[in-house]
Structures are given as structure tokens and as C-alpha cells.
Amino acid sequence: LPGELMKGIAESIGVSQMQECVCVSECSLLSPSVCLCSQDALKFMHHGKRRKLMTSDIDYALKLKNVEPLYGFHAQDFIPFRFASGGGRELYFYEEKEVDLSDIINTPLPRVPLDVSMKAHWLSIEGVQPAIPENPPPAPKEQQKAESTEPLKAVKPGQEEEGQLQGKDKKKLLEGSAMKLKPRSTHELSVEQQLYYKEITEACVGSCEAKRAVRVNVVQNNLALLIYLMRMVKALMDNPTLYLEKYVSAAQRCLALPCPTLP
Amino acid sequence: MAAVQDGPIEPEPENEIKTETSNEVLGNPGDASGGVPPTAPVAAVATEKPAAAAADSTERQTLLAVLQFLKKSKLFESEEILRREAGLLNEIGDSQGSGAGGAGLGGGGGAEPESGDASSLLSRVAGAAATAQSANATPAPAKVTPVVTGGEDQPDVNVVLAAYSQQGDPVLYPVYYSGLKRFIDSVLDCHRAELSQVFYPLFVHMYLELVYNQYEKEAKAFFDKFHGDQECYYKDDLRILSGLTKKEHMKGNETLLDFRTSKFVLRISRDSYQLLKRHLQERQNNQIWNIIQEHLYIDIFDGMPRSKGQIDSMSGSLAGEAKREANKAKVFYGLLKEPEIEVPLDDEDEEAENEEGKPKKKKPKKDSTGSKSKKQDPNAPQQSRIPLPELKDSDKLDKIMNMKEATKRVRLGPESLPSICFYTFLNAYQGLTAVDFTDDSSLVAGGFADSTVRVWSVTPKKLRGVKTAGDLSLIDKDSDDVLERIMDEKTASESKNLYGHSGPVYGISFSPDRNYLLSCSEDATVRLWSLQTFTCLVGYKGHNYPVWDTQFSPYGYYFISGGHDRVARLWATDHYQPLRIFSGHLADITCTRFHPNSNYVATGSADRTIRLWDILNGNCVRIFTGHKGPIHSLAFSPNGKFLASGATDGRVLLWDIGHGLMIGELKGHTDTVYALKFSRDGEILASGSMDNTVRLWDAIKAFDDIETDDFTAATGHITLPENSQELLLGSYMTKSTPVIHLHFTRRNLLLGAGAYNP
């Protein structure tokens, strides 16, 4: 713990001008206690089956050592520390606001949080994880790629060959895109539609001037539908679980066909 | 400072002075404050210490203090021997201090001449200090032990810490350490791995010595220079150590104190040990040799030196490995015989079984499992070794149900994986801390951080409590369905809340007969709840610190609890005090489990060891080391032979109880493994973890290879095959729901439980 800390604390109480050596010695006395307290708080976190250390853990750790817990730090997520810098020092402090009592009394009561409930679902049926909404989205792109390119290599359910850490990142992406896709209905785009999309984008944003002009005319009528379609396809493309590469080769083959139809 | 004090003095201020000045250099020899009439030898010690002037070692002071105490206690022979060994001149002790007499001793009693003695003794010593200084350079360890007898007020703490008062030149510590490092680097490869085990305990003890003797700068320098060399799995411990820079810090930490008193166990082959011994004894490295002798226990074995991999798999615990003798006791790991029960023939019609005490009146069939083996299994305990409760009628019915379900049990294996039904707790706001299922999977209970316990019914049948006394008096007691009538239909509900704890509930356990529920909490109590009335029946107070885990015995009546106070307690439901206390762990007990035969209890701890205790006599019969983090889950295999354990390091380790060996390591999880369960016939091991996955492992294959290797039991170490991938049968991810509990139903359906944590 740096000596600055002690200086800051002293100043907040009102004791200015603490000597350097005093600060340092006070800090060195403090650090192992803080260390021990955080070790104990970690134990409470582990037994609470959590990854995040909460203020309640620290309170219980202090209780263990017969020290009164700190009051006033109950927060759902993070304690709202405010940052201030000045005079060459940086400081994080907890802003203790003074609130009028009548305001507190008169505010409407917050909504009661939902009660704990229990719900059952099938995580796996005879070894295979069903693709129901309660289960995470099925195998990521890489696995589908592996499946399509190397069908002989048996992949066990849920086994990720890349490191687990990657899996976690993907999972976050999966969550994100799953949320995005939910309000939309997932249509499977046929190859022709994909092709159409490709043509359209090329026409609209491609460098060929002539193409662009023509296409825009044709398309003006159903612009709204087109935009919808494009957004949907973009979402599909962004979705890391859907591996569209399977369809690309088919798409490439068909690309040649509509070209003669363009004026 | 030649103060003359007449009256008796309270011991407290004296003791304070004593503890603080034991290492301080104070005063002036001339100010022999022997004028204080001591009320106790302790007090005398205290006053004399300040008088012992001039930059002298603590050892000197404590030695003199001890001499003085011995004299007072009239242990003249011991005093003589000590004085001779310590090299103090005889005349110092014999002369009656005239100088001290002049200081004006008040008070009376036999204490007076002693104080006079001591003061003159010390005054002379102070003078001779300069000459005696050189003698301090290499103190023999034997001199340290008499300090232990010095009557001090906090014997355990100060005595322990005083063991560090031997002096070596602090500046030379890094030199000694580097010297040893160089030597170990130079030995043959096969020995190097084994001798490298010495580094960590040596490093820690040397660092603590420096801190205790208040060489802060040198301690910090020593730490900075060498802490990077240590093994990665000691990282957490080193972090704690880095925070300890002063002597006062050491006193508050019980785990650390226990670490000092208990010896760190190392297992080294004879050849490597000879090498080390020869090296240390031929040089002047007495310091390291002293530490090794005092704080390390080297378990020598004859055989091939172990490889780094083998050593790494077994090390990681706070006190080194387990001595071989610790794992040699006979353990009765077999199962108790099932009692013979008459089974009604009708298999299809299960409805008739529901009414208690009314078996079908068809021709009964003798239960085959009970009568099969008349011979006692040599590995099973005697039926009456532990008094177990008698089987009630309801228990017998339960067993019959169990057997019927068993016939419908799915045979699991690598080809036939279990289906998993997952129970997710929604809106728990990270508050779900414990879960348990009944054996027949009809009820599930959850313990929460808001100190409530909730019981849910898994089947469509609702939870009903017994009616109140007033209502009960109204019912017709002679009717046939009286047992139905006593239940209150009006308040029947899907779930019931149990209020009573005043802290988060960390452990939950149903009784096998589904009548009771146990819960243990941060408020240091274990509570017994009735599932008939859904109220609290008993609160067991014994631990004074949070209780981390509790479990009912598989036969009911007994239960175990373990907590922060580093002991596990065995209770019976009808005794308000524990029947047994199992102490031995160095850090808090995080997980407690009964063996299927209810004769043994396994406890996993934050000191990264697992101990198996015999509940008959309270002995520790097995110590398993190898985890690199606190253990959070334990599971016995249904046949009682094996134990699986999961810890914060994400590994699941498999242990053979009979031989006391580690026989398998299942790698794959990336976060703490909180749930471990074997399938009903022991074919599959399921593990659930904070990384939101449930993994299934092939238990039969894992245990198969090891059964035949008996020679390893002699040396106690084996090479673990790197076959985690082959043993993994499936891995199932949940949607951000850490898996806290797993349970196999009687038909081998796997149930999982966890709280949704978006």
C-alpha cells in the first residue's frame, strides 16, 4: 500500500501535514490486515459460489475478526466511486450525498424484485444437447467448419478444440447475437436470395457507376423490403454460429447465371 | 531508572513490556531495574530484560531468562547443564548481587534474591557481551529449545515464534540460499527434481525468520530475489507472505502459526537425501541444515527418485505431502450388508406401496441382495462397528421402492450416456449458495445468501405441512387415512420457505428418510428442520465461526459439519453437543462427506488436503495431497473404494482409499468444481463447475488400469496417465448457469442444479 493512501485518508479526516515516515509506517501496518481481510473475503466468495467479490463478503470477513462491518456499502453491482485528480494525485472516493429525509420518504417504493423460482429443462438427452432456448446456441462456426471439411473426424458433443477461453469469448458473442436475433424470425436464406443480396449490394455500393444507377431504379419500389432483407442478412452473417461458408461455393457457381440478365 | 516499587505490581503491564521488549535493545546496564519486586517469575523476566543492555541478541536474553526461571523453580541440575552448554561463566550465576541489593528491593519472598541474582548476572553479562558476541555467530539449534520452557504468558504463540530467535547473519541468508540453489542445479537430473522440493519450505521459513527478527529490509530483499523461483502453484501463499513484513503481523495469522509448528513433509529418495546431507554437512551451511532439521520432515524412501511430474501431482498442499505412515492404517472401505427385507411380488402396481405400513398381502419374496453373501467382506466394517439406527417400517418401504427403481435403472457407459435434466433457479441474484436433492429425487432444497432455505417439490405432488394442534384435535383418529388427514391441504404449495438462520446458508442436506433437513450457515449454527411441519427443530451450536458444509449420514441420525474453525464435528440429531471432533487440518474445512458405509468421513480443506477420518475413534486414517487450491467437492464411489475430489484449480482427482494413492486426474474444467457425483452403479462420474459446464467421465475406465498395480502401494507414487481426454465422455454447457449440484436419480437420470446468472 502506498504512503499516498495514508496521506489521503488523513486529509479526509482533517489531519493535514502528516509526516512522510508516519504515513509509510502506518501503511505498512495496514497492508497485512487488508491482505488477511481480503483472503477471508475470498473464502466467502468461493462458498457463495460466485466469481465476483461483493461488499457483503468483506463485511463477513470483518465480522470473523470481531471488527464491526462497514455500513453503507450495499450495492447491486459496483460501488459508484468517483474519480478526482488534482494536485498531482489521483483519488477515488465514494461520494456520500446528503439527501433530504422527506425526499426519501416521499419517493414511491421501488418495484419488488421477482421471487426465486425454479425451472427445469433438458440439458442433454442421451448425450446430445437439444437446441431449445434454455440451452446455449449450438456449436460455433469453427466446429461446423470442422464438421463440413473433415466429416470423418469424430467430434464429441460440446468439445471445443480451441482453448476454453476462446469458447468463453464466443459465448459472449453468441449471447449478444442471440439477443439481436430474437425479435426477428430466423429465415433460412436460400441460395438465390443470398445471390440476390450479393448482386444488390454490389449494385448499390459497388464501384461500377453504371451498374449502380440501373440497379437503384429497379430497386426503388421495394426499398423498404430490401433494407429489411439486407439487415436480416447482415445479422445472419454476423451470427458466428451460422456458418455460411457452406453455401458460398454454391453461391459462386450460380453467380455466373444472372449476369447475362443484367441490362 | 532505579525505581523502587514497593507494592505488588499487576502482571499485565509487565507482560506487555515483556512481549515488546523481548527483541528490543534498551537501557543501560547500570540501571539495573532489579528493584522491582516480582510477583511472578514472569514479571521478573520482564523486568530483567530491559536491564540487559547493549546491542545483544534476543537469544542471550531468553537464555538468561530461562536460567533464572530454572533457578526459581529449583531445577538446579537443569540450570547447570544449560549454563555449561550455553557457555556462561559459573560465577555469574553464583554471586549475590550487591549492586542489585543497593537498588533497594522492596517486597519479599523468595523472589527477591533471584531478581538480585539476575540483575547482577545480567549486568555482568552486559559487560561481557562484547566478548560473547562472537559466540553468537553460529548458535547451535539445541540452545533454542530451552527457550520453550521459559514461562511466558502466551506460551503457544510466543514459544512458537521464539523458535525463530536463533540468529544467523541476516545478510548471509541470500548467500546460503543461492549456494543451495547452485548446488541443486549441479546435481544429476534424476535427483534435481526431488531436491528442488526443498526450495519452497526453505524459502518460506528463512523469510519468516528474517521477519521475526525484524530484519525488514533484508527480508524484503530476500523475498524479491527468490520468490519468482518458486513453483507456480504456491503463488497464492507467496502473495500472503509478501504482505507480512513485520513480526506483529505474524501473530494474527493462525494458519501461519500452524504452518510453523507442523513440519513440512517432503518425500525424497535415499540417494538424493544422502547427496543433500553430505553437501550441507561438509560446508559451513549450518543455517540451512538447522532449518531443515527443525521445520522439515523428510520422509525417506528406498527406490527410484521421482520425476518432476510425479512430484508436481502430489505437492501443492500447505504442509507438503503426507507421510507414508499417515496412509498405512487399515480402512474398511467395503459396504455394509443390506438388511433382508421381504419384497412383495407385485412389480407393476406401485400405488399400493404409498400407504405407509401396509405392504401388499401377496406372497412375499425374500430380498436376494441381503442373503447373497453370508461371508463377511474383509474390507467391510462390522455391522455393529458404528451403532446405526434401526430400520423403521417406513425405511423398509423406502428400501423396497429403491430396489424396484433399481431394476428400472438405465445401465450407463461410454455408449449410453445419461440424460441430464437441469433445474435452474431464476431471480436468485447470485444468492444461491447450496442445493440438495432427496435420494428419491422428490424434493429439492436451496440455501440462499439471504439466510433463507427453500424447499421445492419436484414431483407434481405439493408440499403439505402437518396441521396445527387445534385442527389436529378435530380429526377422527380412528379413520383409515388418518395419516392423510393430519396433513394440511389449505397451505399446500409448490415451495416452502424456512426462516431461522442469520447468515448465508452454505450447506444443505436431506436426511435419507426425508423427514429432516439440515442447513449450516455463516452464523456458526447448524439447524435441523422438520419436513413434516416445515419448522426448525434444533440449532446446533458448537462452531464459533462460519460452518461451510454439512451432511447427513447415509443411514441417518448422524451428521457431520465442518467450518472455518478448522475442525469437523460429528453430531447425532438427539445430542446437543458433538460426538466427535476431528482436528488436524491447517486451514478451514470446506467440504465434508460421509463414506457410504457411514464409518468414515472425508473432509476437504483450504489447506489443499483431504483427510479421511474414522468416526469410531476420531483418528485420521488417510491424508491425500495433490490439489493446488481449496477443495470444494467430494464424492465417494458407490462401492466405497474410491474418492473423487474437485477444487478451485478445476481438476478432479481420483483416490484409491485402500492404498491411499492418487490414481487419476481429470483435467478439463477451467474453474472451480463445485459438484461431483458418481452414477448409481459407479460407471460414470459427473462433475459440475463454475465454468457453466457439466462433464461426464468414464469412471470404470479410470479405475480399471489401477486395480492391478499393487507394487506402487509400497513406494506410494505412480505415474498418472495423461488420459483426461479419453475419459471425457461429454461436456454440456449451460446458459450462464454455474452448476452447483448434481444428483443421479435411482434410475440413473442426472439432475443438475444452479442459479441463472446473466
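Residues numbered from 1 in each chain as written. Chains lettered and ligands numbered in written order. Predicted model: local features only at pLDDT ≥ 70, side-chain atom pairs only at ≥ 80, totals over all residues. Heavy atoms only, no water.

Turning to the overall build of chain A, a few remarks are in order. The helix and strand tally for chain A stands at ten helices and three strands. Mapped in sequence order, the helices and strands of chain A form the string α-α-α-β-β-α-β-α-α-α-α-α-α. By the burial criterion, 25% of the 263 residues in chain A qualify as buried. In chain A, the proportion of contacts linking residues at least 24 apart, taken out of those at least 6 apart, comes to 45%. Per element, the accessible surface of chain A, about 18600 Å² overall, is 61% carbon and sulfur. (Helix = DSSP H or I, 4+ residues; strand = E, 2+ residues; numbered from the N terminus. Buried < 20%, exposed > 50% of the residue type's maximum accessible area, 1.4 Å probe, protein only. Contact = heavy atoms within 4.5 Å. Areas by Shrake-Rupley, 256 points an atom, 1.4 Å probe, with all protein chains shown as cover.)

Of regular secondary structure, chain B possesses 25 helices and 31 strands. Burial analysis of chain B (758 residues in total) assigns 57% to the buried set. Considering only residue pairs separated by 6 or more positions, chain B has 62% of its internal contacts joining residues 24 or more positions apart. Just so you have it, chain B exposes about 31500 Å², and 53% of that area is on carbon and sulfur atoms.

The next subject is the confidence of the model for chain B. Residue and element names in this part refer to chain B. This prediction gives chain B a mean pLDDT of 76; 75% of its residues lie at or above 70. Note that pLDDT drops below 50 for residues 90-155; the model gives that stretch 95 contacts with residues more than four away or on any other chain. In the model output, the complex is listed with pTM 0.69 alongside ipTM 0.71. (pLDDT = per-residue confidence, 0-100.)

Time to look at the side chain of R50(A). Within the fold, R50(A) resides in the loop between α2 (20-47) and α3 (55-64). Polar side-chain contacts of R50(A) include one of 3.2 Å to the backbone oxygen of K52(A). At 2.8 Å, the side chain of R50(A) and the side chain of D57(A) are in polar contact. Leaving out residues up to four positions away in the same chain, R50(A) has contacts with F44(A), M45(A), D57(A), Q430(B) and M690(B). (Polar contact = N/O pair within 3.5 Å; in protein donor to acceptor, adjacent residues only side chain to side chain.)

A word on the interface of chain B and chain A. How big an interface is tends to be expressed through the accessible area that disappears when the partners come together. Residue-level contacts link 60 residues of chain B with 52 residues of chain A. A buried area of about 5100 Å², summed over both sides, lies between chain B and chain A, and 57% of it is on carbon and sulfur atoms. For the pair chain B and chain A, the number of links is four salt bridges. Among the salt bridges present, the one from R454(B) reaches D115(A), with a minimum N-O distance of 3.0 Å. Our enumeration of links across chain B and chain A arrives at 17 residue pairs in polar contact (both at pLDDT 80 or more). Elements represented by at least two residues in the side of chain B that touches chain A include exactly α13 (235-243), β5 (420-426), β6 (432-437), β7 (443-448), β8 (452-457), β28 (693-698) and β29 (728-733) of chain B. Examining the composition of the side of chain B that touches chain A, we find that seven residues originate from one element, β5(B), more than from any other. Here the side of chain B that touches chain A is composed, by residue class, of 29 nonpolar, 22 polar and nine charged. (Buried area = accessible area lost by both parts, 1.4 Å probe. Salt bridge = Lys/Arg side-chain N within 4 Å of Asp/Glu carboxyl O. Nonpolar A, V, L, I, M, F, W, Y, C, P; charged D, E, K, R; others polar.)

Once that is clear, we can look at the nonpolar core. Residue and element names in this part refer to chain B. Judged by nonpolar contacts, the single largest core of 47 residues is most densely connected at L180, V198, L202, F222 and I292. When residues in this core are grouped by element, the largest group, eleven residues, is from helix α11 (residues 199-212). Apart from the residues within four sequence positions on either side, L180 is in contact with V198, L202, L276, H279, L280 and I288. If you look at the next biggest cluster of nonpolar residues, it comprises 20 residues, including L634, F636, W655 and M662. (Core = buried A, V, L, I, M, F, W, Y, C linked by side-chain atoms within 4.5 Å.)

All names here are of chain A. When pLDDT is averaged along chain A, the result is 67, and 52% of the positions lie at 70 or above. Mean pLDDT values for the elements of chain A range from 38 in helix α6 (residues 164-181) up to 90 in strand β3 (residues 117-124). Counted against residues more than four places away or in other chains, residues 150-188, with its pLDDT under 50, gives 46 contacts. In this model, residues 255-263 is a region of pLDDT below 50 whose contacts with residues beyond four sequence positions or in other chains number eight contacts.

What follows is about a nonpolar patch on the surface. Residues L5(A), I9(A), I13(A), V15(A), L30(A) and V34(A) make up a contiguous nonpolar surface patch of roughly 480 Å² in combined accessible area. Contributing elements (two or more residues each) for the nonpolar patch: α1 (3-13) and α2 of chain A. (Patch = residues over 30% accessible without salt bridge, like charges linked within 9 Å, V, L, I, M, F, W, Y side chains within 5 Å.)

What follows deals with the packing of aromatic side chains. All names here are of chain B. Taken as a whole, this structure holds 29 aromatic pairs over all chains when the rule is applied. By way of ring pairs, the aromatic residues Y177, F199, F203, Y207, F222, F223 and F226 are connected into one cluster. A cation over a ring is seen here: K323 above Y297, with NZ or CZ 4.2 Å from the ring centre. The aromatic ring of F448 is capped on one face by R454, whose charged end is 5.5 Å from the ring centroid. (Phe/Tyr/Trp six-rings, centres within 6.5 Å; stacked < 30°, edge-to-face > 60°. Lys NZ or Arg CZ within 6 Å of the ring centre and 35° of its normal.)

Before going further, it helps to examine the environment of A524(B). Residue and element names in this part refer to chain B. Relative to the assigned elements, A524 resides in the loop between β11 (516-521) and β12 (525-530). Residue class for A524 comes out buried when judged on its relative accessible area of 10%. With near-sequence residues (within four places) excluded, A524 lies in contact with Y540, G542, H543, N544, Y545, P546 and V547.

The next thing to look at is the packing of helix α9 (residues 173-186) of chain B against helix α12 (residues 216-226) of chain B. All names here are of chain B. Packing of α9 against α12 brings their axes to within 10 Å, and their N-to-C directions diverge by 20°. Relative to α12, α9 is oriented roughly parallel. Crossing of α9 over α12 shows right-handed handedness. Together, Y173, P174, Y177, S178 and K181 of α9 and F222, K225 and F226 of α12 make up the contact between the two elements. In the contact of α9 with α12, the residues fall into five nonpolar, one polar and two charged. (Axes fitted to C-alpha atoms, helices over the stretch in contact; angles between N-to-C directions. Parallel < 35°, antiparallel > 145°, perpendicular 65-115°, else oblique. Left-handed = near helix turned anticlockwise from the far one by under 90°.)

On to the sheet that holds β7(B), then. The pairing of strands in a sheet happens through backbone hydrogen bonds and is either parallel or antiparallel. Residue and element names in this part refer to chain B. The strand order across the open sheet built from four strands is β6-β7-β8-β9, with neighbouring strands paired in antiparallel fashion. The open sheet has two free edges, formed respectively by β6 and β9 (495-499), since each of these has just one partner strand. Strand after strand, the sheet turns through a mean of 20° between neighbouring axes, direction not considered. In this sheet, β9 lies alongside β8 in antiparallel orientation, the contact comprising five bridges. (Pairing = 2+ DSSP bridges.)

Now for the packing of α2(A) against α13(B). Where α2(A) meets α13(B), the axes come as close as 8 Å, and the angle between the chain directions of the two elements is 150°. By the angle class used here, α2(A) and α13(B) are roughly antiparallel. Two secondary-structure elements touch here, α2(A) through S31(A), P32(A), C35(A) and Q39(A) and α13(B) through R239(B), I240(B) and G243(B). Class assignment of the residues belonging to the contact of α2(A) with α13(B) gives a composition of three nonpolar, three polar and one charged.

Residue and element names in this part refer to chain B. If you trace the four strands from one edge of the open sheet to the other, you get β22-β23-β24-β25, paired in antiparallel fashion. Each edge of the open sheet carries a strand with a single partner, namely β22 (631-636) and β25 (661-666). With strand direction ignored, the average angle separating the axes of adjacent strands in the sheet is 25°. Across five bridges, the pairing between β22 and strand β23 (residues 642-647) is antiparallel. Residue A635 lies in a different strand from β23, and its bridge partner there is A644.

Count 3.6 residues to each turn of an α-helix, and residues three or four apart come out pointing the same way. Of the positions making up helix α15 (residues 254-261) of chain B, those classed as buried are L256(B), L257(B), F259(B) and R260(B). Seen end-on, α15(B) carries its buried residues on one side only, within an arc spanning 155°. (Arc of directions from axis to C-beta.)

Attention now moves to the UniProt feature "repeat: WD" (unreviewed entry) in chain B. Residues and elements named next belong to chain B. The residues that UniProt annotates with the feature "repeat: WD" (unreviewed entry) are residues 425-458, 498-533, 540-571, 582-623, 624-657 and 666-698. Helix and strand shares over residues 540-571 are 0% and 59% respectively, and the end C-alpha atoms of the span are 9 Å apart. Along residues 666-698 the backbone is 0% helical and 58% strand, and the end-to-end C-alpha distance reaches 10 Å. (UniProt positions renumbered as here; feature names shortened; annotations may be inferred.)

Residue and element names in this part refer to chain B. Within helix α17 (residues 286-295), seven of the ten residues are buried, which leaves the element mostly enclosed by the surrounding structure. Within α17, the full set of buried residues consists of Q287, I288, W289, N290, I291, I292 and H295. Among the structural elements, α9, α11, α15, β1 (264-269), α16 (270-282) and β2 (296-301) are those in contact with the buried residues of α17.

Okay, the pattern of salt bridges next. Going through the model one piece at a time under the given rule, you end up with 34 salt bridges over all chains. Note that E726(B) is salt-bridged to K701(B), the shortest N-O span being 3.4 Å. Taken as a pair, E726(B) in helix α25 (residues 724-727) and K701(B) in helix α23 (residues 699-704) lie far apart in primary sequence, 25 residues in all. What makes K701(B) partly exposed here is its relative accessible area of 34%. Connected through shared salt-bridge partners, D40(A), K43(A), K65(A) and D588(B) make up one network.

This part takes up the pairing of strand β13 (residues 535-541) of chain B. All names here are of chain B. Relative to β13, β12 runs antiparallel, the two being bridged by six bridges. Across the sheet, T525 pairs through a bridge with K541, a residue of β13. Where β12 folds back on β13, the antiparallel hairpin that results is connected by four residues, among which F534 adopts a positive phi of roughly 55°.

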